[in-house]
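Residue-level structural notes
Each chain, written out:
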Amino acid sequence: MEKPGVTLSAAVQEHLRHLCLREFPCGTGSWNKSRFLPRTWRTWRELVPREEEAVNPGEETVEALLDLVRSPHSPWALLEGSSAEDRFLRELAIQNPLVLKDTFFYSYFRSLRVVDKQVSLVDKGLLKFLKLEELVLSANQIKEIDAVNLPPTLKVLELYGNKLSSMGCLCTRPPPCLQHLGLGQNKLLGPLESLYVTADHWPNLVSLDLSFNDLTDLQGMIAGLSTLPHLRLLVLQGNPLALVPYYRGFTIDSLSQLCVLDDITVSPSEKHQFRGLSHSGDLLAREAQFVVTIGNVKGVLDTSILDPEPGPQGPFITYNYYVTYDFVEDEEGEASDYGGVLAEIVKPSPSTEQLVEDIPEELFEEAEDSVESGLSTLSGELEGSVASGGSGSLPRVTDSAEELAKLRPRIDPRLCPSPGTVLFSTVRKPWTDVIPCNYEMQHTLRDLVPLKAFLLAGTTVTIVEEKILSWPLVPPPVDTVLPAKKGKGEKDKKDKKDKDKKGKEGKDKAAKGEKETALKEQKASKKKELPKELRQDPPILRVLGSGLVALEPLLVGEPLVSTVCNFGVIRTAETDRLTFLRDGKNKNKKAKKAPKAGKSKTKVPVSLEKEKSAVAAYDGDYQPQPLTVEVQIQLNQHLSAEEALRDISL
């Protein structure tokens, strides 16, 4: 809960009270009373030589009292970080406490620092400080200042971290000698602020800090600042206007007398590179440009190795993997700006679809080996669809409202964009040990104030697994191979009556051979008779890893944020071993099929010894690879006037 605001005078008095200037070891008391007796009582003592004067019992010398306030281990020492004025006042309160009166305080202070004291009002009491040159009121609750109450002797005024929404209140009667004005971390907003940074109000201003406000009009702000004849240091970083690509070049070329911009010295080469850019200020687009790049995904668990083999009636399971991130939505931009790109809003698929797809032959062969389910060739890639961050209707397996309600809680909140953002996605890819996303997306944003808030909050990067179950649209016909086995058996019985009876072992062999023949015929029939028309269930989405990527460095001048998001280990040595065995069998199958396809007839079977050694590695100190994804977000910044003018022509 926010504390009630206080006046500046009350905060100063409270600060002096905490210094304990009239309490031990400062001030007067039993510890030094003999030093401050009335003069009439001390006349006879003055006749005694000073070197023979002894301190009364129970009193302390001045040196001993000073040691108590100077020693860092003393309970009477000042807190770390106390100002030089505070230390001086404590020592003066020991050496000559009778001097400390109100008139002394008001004439002594040249610097006054009242930080984080919940000050909300700068009252007339400040005018009593006749020699005040520096006033620091940072981290308070000040929304407005009456400039009439500011001493005319001020040279430095700092109001960082307050709640000022406009500089207009300071311009009613600004201190004429002010050389530094610090208004960073406030809420300055609007194009009118450029009217309050002119020489009419601040004729002697040398340094101005307006960082981390909500200023958006760079051209207007520079027009006002160009009237300040003595301005040498300027800080504008953290404002939305500093996100446009030509910000630094345009500012340097417009303010030729500037020495330092955003704590970086302006070099002669910079001035040369951006020469002439200020003349094209009205033609420069007021928008920020970002490029998001997503590279390789590593450490993904191949979930298909854990699935059972599909039956003739399904389900045939496919897996795809993709990466999502949220980015601020530009209300002023057109939705068509995103057309034709590999970005999309991740929403549940529409109602149940019926797709006609060819089932690869490998799907059945791999199911036979009980190692791998079908490859992810049944689901299409959803490309180029971008919409707002609103939630879409959930997919329906049936028309039942009850079943629809049951599906709603399954949506992971991490798959939904935060308010004011759009969720973008890479193209869906099947599983590989290293999944290359090869994703690059440019974002052009004109609404800069929400963009600044988004960069402060950061973006959430999520790796998603998409599981799709496909079913035959029409059930397969009843197999007619099995009854043939019965007829064949009867024929065998007739033959056996005419021949000598065979032993039990011979009978078992014949039955086994017949069974194998029937199974082969049944399998061949399945391959030929399985339907090619499939019905897909809505995708089942599972979040494998999600984390926040901090984007605040882009606000303070950094052109690039590059990171590898590490979501921990989700694979195990056992799953990696199963994946290795599956891949080894697939290689052997391809080697056997090579002559049939007209390729080299040389067989390349997987080395048994190599396979054994690799499997053994999973049983030792093997550490599975963590789940990671490579992410880069780059802020476009022009490096020369030519580059900025080229954008105008485009």
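Each remark here, short or long, concerns the structure printed above.
Here's what I pulled together on the structure shown here. (Residues numbered from 1 in each chain as written. Predicted model: local features only at pLDDT ≥ 70, side-chain atom pairs only at ≥ 80, totals over all residues. Heavy atoms only, no water.)

1. Describing the packing of helix α3 (residues 62-70) against helix α4 (residues 84-95)
- Where α3 contacts α4, the two axes come as close as 10 Å, and the packing angle between them is 160°. The orientation of α3 relative to α4 falls into the category roughly antiparallel. As α3 packs across α4, the resulting crossing turns out to be right-handed. Where α3 approaches α4, its residues V62, L65, L66, V69 and R70 are matched on the opposing element by R90, E91, I94 and Q95. (Axes fitted to C-alpha atoms, helices over the stretch in contact; angles between N-to-C directions. Helix = DSSP H or I, 4+ residues; strand = E, 2+ residues; numbered from the N terminus. Parallel < 35°, antiparallel > 145°, perpendicular 65-115°, else oblique. Left-handed = near helix turned anticlockwise from the far one by under 90°. Contact = heavy atoms within 4.5 Å.)

2. Considerations on the sheet that holds strand β8 (residues 233-235)
- The strand order β2-β4-β5-β6-β7-β8-β9-β10 describes an open sheet built from eight strands, whose pairing is mixed. Either end of the sheet is taken by a strand with one partner, and the two such strands are β2 (111-113) and β10 (264-265). (Pairing = 2+ DSSP bridges.)

3. Description of helix α7 (residues 247-254)
- Of all the eight residues making up α7, seven are buried; the element is thus mostly covered by neighbouring parts of the structure.
- Turning to α7, its buried residues number three or more, namely Y247, R248, G249, F250, T251, I252 and D253.
- Those residues of α7 that are buried are in contact with α6 (218-225), β8, β9 (260-261), β10 and α8 (268-273). (Buried < 20%, exposed > 50% of the residue type's maximum accessible area, 1.4 Å probe, protein only.)

4. Describing the environment of L639
- Among the structural elements, L639 can be located in the loop between β20 (628-635) and α16 (641-649).
- Once the C-alpha coordinates of L639 and G249 are considered, the two residues, 390 residues apart in sequence, prove to be 7.5 Å apart.
- Residues in contact with L639, not counting those within four places in the same chain, are Q273 and F274.

5. So, the sheet that holds strand β19 (residues 560-566)
- Strand order across the open sheet formed by four strands is β15-β11-β20-β19, with antiparallel pairing between neighbours. The sheet terminates laterally at β15 (434-445) and β19, the two strands that pair on one side only. Between one strand and the next, the sheet's axes are offset by a mean angle of 10°, whatever the strand orientation.
- In this sheet, β20 lies alongside β19 in antiparallel orientation, the contact comprising seven bridges. When the bridges of β20 are listed, T563 appears paired with V631.
- Running over the sheet, helix α11 (residues 448-457) touches β11 (288-298) and β15 and is turned about 35° from β11.

6. Details of the packing of aromatic side chains
- All told, the structure shown has 14 aromatic pairs when counted by the stated rule.
- Between F24 and W76, the aromatic rings sit 5.3 Å apart at their centres with planes inclined by 80°, giving edge-to-face as the arrangement. Of this pair, F24 sits in the loop between α1 (8-18) and α2 (39-42) while W76 sits in the loop between α3 and α4, placing them 52 residues apart in sequence.
- With 5.1 Å between their ring centres and 15° between their planes, F88 and Y108 make a pair best called stacked. Within this pair, whereas F88 is found in helix α4, its partner Y108 is found in helix α5 (residues 102-108), the two being separated by 20 residues in sequence.
- Put simply, the rings of F88, F104, F105, Y106, Y108, F109 and F129 touch in pairs and so form one group of aromatic residues.
- Here the basic side chain of R428 rests over the ring of Y322, its NZ or CZ set 4.1 Å away from the ring centre. (Phe/Tyr/Trp six-rings, centres within 6.5 Å; stacked < 30°, edge-to-face > 60°. Lys NZ or Arg CZ within 6 Å of the ring centre and 35° of its normal.)

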